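# What the coordinates show
So you can see what is in the structure, the chains are spelled out below.
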Amino acid sequence: MDSGSVNREVKIGDRYYEQTISLVAKNQIRIYARDSTERKQAEEALSKSEEKYRLIVEIAVISSSHSIPLGSLFMCLLLLVRNSATNQRG
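Now for a quick tour of the structure. (Residues numbered from 1 in each chain as written. Predicted model: local features only at pLDDT ≥ 70, side-chain atom pairs only at ≥ 80, totals over all residues. Heavy atoms only, no water.)

## Topic: the overall build of the protein
For the protein, the count of helices and strands is 2 helices and 3 strands. The helix and strand sequence of the protein, counted from the amino end, reads β-β-β-α-α. Scored against the burial criterion, the 90 residues of the protein give a buried share of 17%. Residue pairs in contact within the protein that sit at least 24 positions apart in sequence constitute 15% of those at least 6 positions apart. (Helix = DSSP H or I, 4+ residues; strand = E, 2+ residues; numbered from the N terminus. Buried < 20%, exposed > 50% of the residue type's maximum accessible area, 1.4 Å probe, protein only. Contact = heavy atoms within 4.5 Å.)

In C-alpha cells, the structure reads:
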C-alpha cells in the first residue's frame, strides 16, 4: 500500500457506508466511514424515475410519429404511468 488512500462503498445489512482507508505509518491505517444510505436511496429513486420517464417519452415519440390522436396518446401515457406505479408498489 502506498501513502495514498483507498475509497470504497460497503453495504452492511440495509445500510450503505463510504469508507476511506489511509496509511498513517508503516503498520498503521486510519479508516473513516460515513453513512451514505440516504444518498444511495436517492440515487436509486432518481434512476427509477429517469427510466420511467424515458420510456414515456420514447413511447410518445413513436406514437406521435404514427399519427395517433392526442387524446388517445394521453390516455395511453396515463395508463402506462398508472401501471408503472402499481408495479413499483407490488
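## Details of the pairing of strand β2 (residues 15-25)
Bridge count between strand β1 (residues 5-12) and β2: 8 bridges; the pairing is antiparallel. Note on β2: the bridge partner recorded for Val10 is Tyr17. Where β1 folds back on β2, the antiparallel hairpin that results is connected by 2 residues, among which Gly13 adopts a positive phi of roughly 65°. Sheet analysis places β2 next to strand β3 (residues 28-35), joined by 8 bridges and oriented antiparallel. Each residue of the ladder has a partner; that of Leu23, found in β3, is Ile29. (Pairing = 2+ DSSP bridges.)

## Some points on the sheet that holds β2
An order of β1-β2-β3 is seen for the 3 strands of this open sheet, with the pairing classed as antiparallel. Bordering the open sheet on either side are β1 and β3, each of which pairs with just one other strand. Averaged over all neighbouring strand pairs, the angle between strand axes comes to 25°, with direction disregarded. (Axes fitted to C-alpha atoms, helices over the stretch in contact; angles between N-to-C directions.)

## What about the pattern of salt bridges?
Pairing between side chains of opposite charge can happen when the charged atoms of each approach one another. Inspection of the entire model under this criterion finds 7 salt bridges. Lys40 is the salt-bridge partner of Glu9, the closest N and O atoms lying 3.2 Å from each other. With Glu9 in strand β1 and Lys40 in helix α1 (residues 37-64), this residue pair connects regions lying 31 residues apart in the sequence. Across the pair Glu18 and Arg39 runs a salt bridge, and its minimum N-O distance is 2.7 Å. With Glu18 in strand β2 and Arg39 in helix α1, this residue pair connects regions lying 21 residues apart in the sequence. The exposure class of Glu18 is partly exposed, given its relative accessible area of 25%. Look at the salt bridges and you will find they share partners, linking Glu9, Glu18, Arg34, Arg39, Lys40 and Glu43 into a network. (Salt bridge = Lys/Arg side-chain N within 4 Å of Asp/Glu carboxyl O.)

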